[in-house]
Amino acid sequence: MSVRLPDSALERLRNAKRVAVMTGAGISAESGIPTFRDAQTGLWAKYDPADLATPEAFQRDPKLVWRWYQWRRELVGRAAPNAGHSALAALERRLGDRFRLITQNVDGLHARAGSERVLPLHGDITRDKCFDHGHPMQSSPEDEQPPACPECGSLARPGVVWFGESLPEETLLEAIEWSRTADVFLSVGTSSVVQPAASLAHEALRNQALLIEVNLADTPLSGQALILRGAAGEVLPRLVEQLDEDG
Ligand code: OAD
């Protein structure tokens, strides 16, 4: 275990025709956005996803769900991208169209750090759509309850994927294609337990990709990965520095 990539892995990264990166909540933790499964600070340690992150929860109590998402939007609005997000944007500038960033995060911090080739699997918390038909909507941070859709009258909901819902099809298909064909798959700050996102690293492994994991802790992927143990905001800038050293 090390925070430096061995030379052989560095060479594979430099020469890769395709690099797929998967990020999860851990990369935004250093921006002050809580993860989901941390035993103390994780959102799911305090709240039950069945009450807040399913279509049924919204139908039962739209105001409760709405207010929880308004609070999370406020957190995201106050947050800024950290050195981990910036390092991935730098990696993309280096690799260009050989690079895709698949993310489970809904906070938009990758785009704000300058990443362009982003595949957001779980949607975008800053957007709204109506519950019944998905008409795009625009609410205000002051709305204490979900406004009604001007087109059909159904209530606004956040533009994220909830448990029990399908992922955006085209984005998922592109993410699968990149995972299947990647020479290097870099998994950052995700517990790798939520499907189908977690299966993408296995798609990459089936194609003999080099799997690199950046995480503070072990995950179900760790046994098959080259592990860079540490905070994404520290490890990723070093990884990019290493690539720049004499490559
Ligand atoms: P989790 O909360 O499940 O996992 C966060 C991971 O980040 C853990 O493995 C931590 O060890 C790691 N971590 C924490 N801080 C870190 C840091 N500074 N640097 C590196 N790693 C760090 O979050 P996700 O895996 O993103 O979905 O969760 C996946 C999905 O479950 C989310 O997209 C969300 C959630 O429920 C939906 O809401 C549909």
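Computed from a prediction, not measured in an experiment: that's the story for all the values here.

Asks: Before we go on, may I ask you to explain the overall build of the protein chain in this structure?
Replies: Helix and strand content of the protein chain: eleven helices and nine strands. Computed over the C-alpha atoms, the radius of gyration of the protein chain is 18 Å, within 12% of the 18 Å expected from 2.2 N^0.38 for a compact globule of 247 residues. Overall size of the protein chain, expressed as C-alpha extent along the three principal axes, is 60 × 35 × 30 Å. Out of the 247 residues in the protein chain, the part that is buried amounts to 50%. In the protein chain, once contacts between residues fewer than 6 apart in sequence are set aside, the share between residues at least 24 apart is 69%. By element, 49% of the accessible surface of the protein chain is carried by carbon and sulfur atoms, the whole surface being about 11,900 Å². Here the protein chain carries 26 positive and 34 negative side-chain charges, and the mean point of each set is 2 Å from the other.

Asks: I'm lost on helix α6 (residues 62-78) in this one. Help?
Replies: The α-helix winds at 3.6 residues per turn, so residues separated by three or four positions along the chain end up facing the same way. Compared with the 24 Å implied by 1.5 Å per residue over 17 residues, the 24 Å span of α6 between its first and last C-alpha is a close match. Three or more residues of α6 are buried, namely Val 65, Trp 66, Trp 68, Tyr 69, Gln 70, Arg 72, Arg 73, Leu 75 and Val 76. Those residues of α6 that are buried lie in contact with α3 (43-46), α4 (49-52), α5 (55-60), α8 (109-112), β4 (123-130) and β6 (156-160).

Asks: What should I look at first to understand the layout of surface pockets in this one?
Replies: One water molecule sets the probe size; rolling that probe over the atoms shows where empty space is left. Considered as a void within the structure, the second largest pocket measures approximately 300 Å³ in volume. In terms of lining, the second largest pocket is formed by 16 residues, of which the most central are Gln 70, Arg 73, Ser 140, Pro 141 and Glu 142. Among the secondary structure elements, those contributing two or more residues to the lining of the second largest pocket are α6 and β4. Element by element, the count of residues in the lining of the second largest pocket is highest for α6, at seven residues. Of the residues in the lining of the second largest pocket, the class split is three nonpolar, six polar and seven charged.

Asks: What is the right way to look at helix α10 (residues 199-206) in this model?
Replies: When we look at burial in α10, the residues that qualify are Leu 200, Ala 201, Glu 203, Ala 204 and Leu 205. On its buried face, α10 sits against β1 (19-23), β2 (99-103), α9 (169-181), β7 (184-188) and β8 (210-215).

Asks: How should the environment of Leu 226 be read in this particular structure?
Replies: For Leu 226, the position within the fold is in strand β9 (residues 226-229). On a C-alpha basis, the gap between Leu 226 and Leu 5 in space is 8.4 Å, while along the polypeptide they are 221 residues apart. Sequence-distant contacts of Leu 226, defined by excluding residues within four places in its chain, comprise Leu 5, Pro 6, Ala 9, Leu 210, Leu 211, Ile 212 and Glu 213.

Asks: Which parts of the structure should I look at to understand empty space enclosed by the protein?
Replies: Taken as a whole, this structure holds one cavity of 30 Å³ or more when the rule is applied. Considered as a void within the structure, the largest cavity measures approximately 50 Å³ in volume. Along the walls of the largest cavity sit Met 22, Gln 104, Phe 185, Ser 187, Thr 190, Ser 192, Ala 197, Ala 198, Ala 201 and Leu 221, which together make up its complete lining. Split into classes, the residues belonging to the lining of the largest cavity amount to six nonpolar, four polar and no charged.

Asks: How do you make sense of the site of the ligand when you look at a structure like this?
Replies: The immediate surroundings of the ligand are formed by 23 residues, with Ala 25, Arg 37, Thr 190, Ser 191 and Asn 215 found nearest. Gln 104 places a main-chain nitrogen or oxygen 3.3 Å from an oxygen atom of the ligand. In this structure, an oxygen atom belonging to the ligand sits 2.5 Å away from a side-chain N or O atom of Ser 191. Contact with the protein chains covers 90% of the free accessible surface of the ligand, which is 800 Å². Residues that form the shell around the ligand fall into these classes: eleven nonpolar, ten polar and two charged.

Asks: Honestly, the state of the cysteines in this entry has me stumped. Any pointers?
Replies: As used here, a disulfide is simply a covalent bond connecting the sulfur atoms of two cysteines. Tallied over the entire structure, the rule returns zero disulfides. The thiol of Cys 130 is not disulfide-bonded; the next cysteine sulfur, from Cys 152, is found 3.7 Å away. The class of Cys 130 is buried, set by a relative accessible area of 1%. Of the residues examined, Cys 152 reaches a relative accessible area of 31% and is grouped as partly exposed.

Asks: What's the story with the pairing of β1 in this structure? I'm lost.
Replies: Each regular strand displays side chains that alternate between the two surfaces of the sheet. With five of five residues buried, β1 is to be regarded as a mostly interior element. The pairing of β1 with β2 spans five bridges and is parallel. Among the inter-strand pairings, Val 21 is bridged to a residue of β2, identified as Leu 101.

Asks: When you look at the nonpolar core in this model, what are you seeing that I'm missing?
Replies: Nonpolar side chains tend to gather and get buried jointly when the protein is soluble and globular. By size, the foremost hydrophobic cluster in this structure holds 27 residues, and its most contacted members are Leu 186 and Leu 236. Elements that contribute at least two residues to this core include exactly α1 (7-15), β1, α7 (83-95), β2, β7, β8 and α11 (232-246). Examining the composition of this core, we find that six residues originate from one element, α11, more than from any other. Setting aside residues up to four positions removed in sequence, Leu 236 forms contacts with Ile 27, Gly 84, Ala 87, Leu 88, Leu 186, Val 188 and Val 214. Counting 19 residues, the second-largest nonpolar core is a separate cluster that includes Ile 102, Phe 185, Leu 205 and Ala 225.

What counts, and where the lines are drawn
Residues numbered from 1 in each chain as written. Predicted model: local features only at pLDDT ≥ 70, side-chain atom pairs only at ≥ 80, totals over all residues. Heavy atoms only, no water. Helix = DSSP H or I, 4+ residues; strand = E, 2+ residues; numbered from the N terminus. Rg over C-alpha atoms; globule rule 2.2 N^0.38 Å. Buried < 20%, exposed > 50% of the residue type's maximum accessible area, 1.4 Å probe, protein only. Contact = heavy atoms within 4.5 Å. Areas by Shrake-Rupley, 256 points an atom, 1.4 Å probe, with all protein chains shown as cover. Lys, Arg positive; Asp, Glu negative; His and termini not counted. Charge placed at Lys NZ, Arg CZ, Asp CG, Glu CD. Expected span 1.5 Å × (residues − 1). 1 Å grid on protein atoms, 1.4 Å probe; cavity = no way out; pocket = protein on both sides within 12 Å on 5 of 7 lines; lining within 4 Å. Points joined across faces, edges and corners; volume = space filled by probe spheres on them. Nonpolar A, V, L, I, M, F, W, Y, C, P; charged D, E, K, R; others polar. Near = heavy atom within 4 Å. Polar contact = N/O pair within 3.5 Å; in protein donor to acceptor, adjacent residues only side chain to side chain. Disulfide = S-S within 2.5 Å. Pairing = 2+ DSSP bridges. Core = buried A, V, L, I, M, F, W, Y, C linked by side-chain atoms within 4.5 Å.

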